[in-house]
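Structural overview
What follows is each chain in one-letter form.
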Amino acid sequence: MDYKSIYENWLSDKRLNAEGESELENIKDNEKEIEYRFGAELEFGTAGMRGLIGYGTNMMNVYTVKRATQGLAEFIKGLGPAAMVRGVVISYDTRRKSREFASAAAEVLAANGIVSYKFDDVHPVPMLSFAVRELNTIAGIMITASHNPKQYNGYKVYGEDGAQMSPEDTDVVVKYINEITDYLGAPSPTIEQIRRLVKPVPAKVDKKYYKELKKLALSKKAVKKCGKSLKLVYTPVHGSGYVPVTTILKKIGVNATVVEEQKNSDTEFSTVQVPNPEYKETLSMGIALADKIGATVVFGTDPDSDRLGVAVKNKEGEFEALSGNQVGILLLDYILTRLKEDNALPANAAVVKSFVSTGMAKPICQKFGVTLFETPVGFKFIGEKIKLWERDKSHTYVFGFEESCGYLRGTHARDKDAVVASMLCAEMVCYYTYIGKTVYQRLQEIYSEYGYVLDCNVSIPFEGLNAMKEMNAVVDGLKANPATEFDIYKVANVRDYSKNLKTDLATGAVTEIGSPLTNCVYYELENGSFICVRPSGTEPKLKIYYSVKSRNKAEAEEALEKMQAAVKKILKK
């Protein structure tokens, strides 16, 4: 059936709600809009689904949410009655329609005889992950589009281990979803089913989450000495982080001044262009307040509070927004330092990072005798490592991070946790204050000790119905014609993650990478730098990652400029 016919069927269907009818009626003369909304189905991948809010098969709306949930329900029913009783935890953030979508998911589960536990207010990703484990549910649902613009929402599914659902189980769920052709035909529960099967998440879950986080503290003495006098500014950027971040900081004894204008939930995120704490602009109100009160550090979290952005004062006394890679290596260095100082570093300690994250993690881990593992982008792969090591005891997980401002210490959750990261960063500031230095000074010491590495990420936006197809085609083209140099910088090895193979350009030797498959090409350069190109799995952007190793910042910036120009030239071919 063509997109026009599908559009007409939706518009004429008496089950379509009044909002949907009005919205679709208003686009009846907009051919391009109709094609975008009905020319495809919103893809459900290993990270769930994410899209623009609106009515249509390619949009985030109550009907696509119910269809996805019905697919999940079929998967759970296939596991048997015990799985149905264990049920599903449902959480949501502050975005448009998040609460409505969460309720819709609970209703579909109830209509299928499946128990659900729904948070009574917004809760972040890490608390959803923790609740899945604490309540021993079979799955979890998080309604969020993370750091995307306000026009987006999304739907993420978690497995019983608290990590995002495995690719194998996701394939089964997707099979059930694809069998559902009637978008408006999701079953409705009876009042009795809702009363019996839709339950609140017990208050004790939140309390235990904070208790678990406090166990991960590393510098109680320094926090006790410096915490109350520390001037720290925090902004939740209108998201779900306000309560948990301020709660954990208060519990460990750190004072935080909150940006009042960004404290409350706001579906429009009206004080920022994009609610992404990776950008200094998103932290601008926090930085302004910090300058006003004489604070030394600024924290910001995204709508679902799984990402933490940090700004600190540099040697000139001006605030500098740290990259996710810089915060990652600071936390890595701090955690390993404190564990070693306390004789608490496990002999089989392991750190995990995504392969696009900074190359500086390797020498830091080598110094401390810690094994470093790399995974594809997606924290679920870090969660899989934790699960594996809990089973075979081969390694003890101590820290994991991604360059996109995602960090996790502890195994209480299996996804990025900006709440525990806020706690650790706050006590890290206290620790360095206690020993007479700043976080920025420690960062410069790291560069002096291990060599300078400049990490930079570039996103190229794609638009339209075929955006994902076009992005993947670009990456496929790079794999078909592998580059051997970028300006004066020679390529040593090329990794093709879609085939799990690495090719040594000098010898022609081909070896297996030992990684889950993903469409990505990764160039290892002879000077120790890398360039990586991959399509985003959550938004229509082609992502290019540069990790440039050099003797100092000036040389690294010059090298980066040459590499970027070379990549642009290749992409234009």
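Residues numbered from 1 in each chain as written. Predicted model: local features only at pLDDT ≥ 70, side-chain atom pairs only at ≥ 80, totals over all residues. Heavy atoms only, no water.

**A look at the overall build of the protein chain**
Check the secondary structure of the protein chain and you find 20 helices and 23 strands. In terms of C-alpha radius of gyration, the protein chain reaches 24 Å, essentially the compact-globule figure of 25 Å for 573 residues. Across its three principal axes, the protein chain shows a C-alpha extent of roughly 70 × 55 × 50 Å. Buried residues in the protein chain amount to 55% of all 573 residues. In the protein chain, the proportion of contacts linking residues at least 24 apart, taken out of those at least 6 apart, comes to 68%. (Helix = DSSP H or I, 4+ residues; strand = E, 2+ residues; numbered from the N terminus. Rg over C-alpha atoms; globule rule 2.2 N^0.38 Å. Buried < 20%, exposed > 50% of the residue type's maximum accessible area, 1.4 Å probe, protein only. Contact = heavy atoms within 4.5 Å.)

**Topic: the sheet that holds strand β7 (residues 232–235)**
Strand order in the open sheet formed by five strands is β8-β7-β9-β10-β11, with mixed pairing between adjacent strands. Because the sheet does not close on itself, it has two edges, and the strands there are β8 (257–258) and β11 (319–321). Against the sheet, helix α12 (residues 242–252) touches β7, β8 and β9 (297–301), its axis set at about 160 degrees to β7. (Pairing = 2+ DSSP bridges. Axes fitted to C-alpha atoms, helices over the stretch in contact; angles between N-to-C directions.)

**Concerning the pattern of salt bridges**
One pass over the structure, following the stated rule, counts 38 salt bridges. Across the pair Arg-37 and Glu-23 runs a salt bridge, and its minimum N-O distance is 2.6 Å. You can see Arg-37 sitting in helix α3 (residues 31–38) and its partner Glu-23 sitting in helix α2 (residues 18–25), a full 14 residues away along the chain. Assessed through its relative accessible area of 7%, Arg-37 is described here as buried. Ionic pairing is found between Asp-476 and Lys-479, a salt bridge with its closest N-O pair at 3.2 Å. Within this pair, Asp-476 and its partner Lys-479 are both found in helix α19 (residues 467–480), separated by three residues, close to a single helical turn. (Salt bridge = Lys/Arg side-chain N within 4 Å of Asp/Glu carboxyl O.)

**Quick look at helix α17 (residues 418–434)**
Counting along an α-helix, one turn takes 3.6 residues, and residues three or four places apart therefore face a common direction. The terminal C-alpha atoms of α17 lie 24 Å apart, and with 17 residues this matches the ideal 24 Å at 1.5 Å per residue to within 8%. The buried fraction of α17 amounts to 15 of the 17 residues, a majority that puts the element mostly inside the structure. Two or three places before Val-419, at the start of α17, stands the capping residue Asp-417, its side-chain oxygen 2.8 Å from that residue's backbone nitrogen. Once α17 finishes, Gly-436 follows within two positions and takes phi at roughly 85 degrees, a positive value. (Expected span 1.5 Å × (residues − 1). Polar contact = N/O pair within 3.5 Å; in protein donor to acceptor, adjacent residues only side chain to side chain.)

**Here's the deal with the packing of helix α15 (residues 361–368) against helix α18 (residues 439–450)**
As a packed pair, α15 and α18 sit with axes 11 Å apart at the nearest point and diverge in direction by 80 degrees. Between α15 and α18, the interaxial angle falls into the category roughly perpendicular. Contacts between α15 and α18 involve Pro-363, Ile-364, Lys-367 and Phe-368 from the first element and Ile-446, Glu-449 and Tyr-450 from the second. Its residues placed into classes, the contact of α15 with α18 shows five nonpolar, no polar and two charged. (Parallel < 35°, antiparallel > 145°, perpendicular 65-115°, else oblique. Nonpolar A, V, L, I, M, F, W, Y, C, P; charged D, E, K, R; others polar.)

**Thoughts on the sheet that holds strand β15 (residues 406–408)**
With mixed pairing, four strands are arranged side by side in an open sheet as β13-β12-β14-β15. The sheet terminates laterally at β13 (371–375) and β15, the two strands that pair on one side only. On average, each strand axis in the sheet is inclined to that of its neighbour by 20 degrees, with strand direction left out of account. Relative to β13, strand β12 (residues 349–354) runs parallel, the two being bridged by five bridges. Across the sheet, residue Lys-353 finds its bridge partner in β13, namely Glu-374. Of the strands in this sheet, β12, β14 (396–402) and β15 touch helix α14 (residues 324–341), which is tilted by about 160 degrees from β14. Strands in contact with helix α16 (residues 379–392) are β12, β13, β14 and β15; relative to β14, the strand with the most contacts, it is inclined by about 175 degrees.

Geometric values such as these leave the question of function open.
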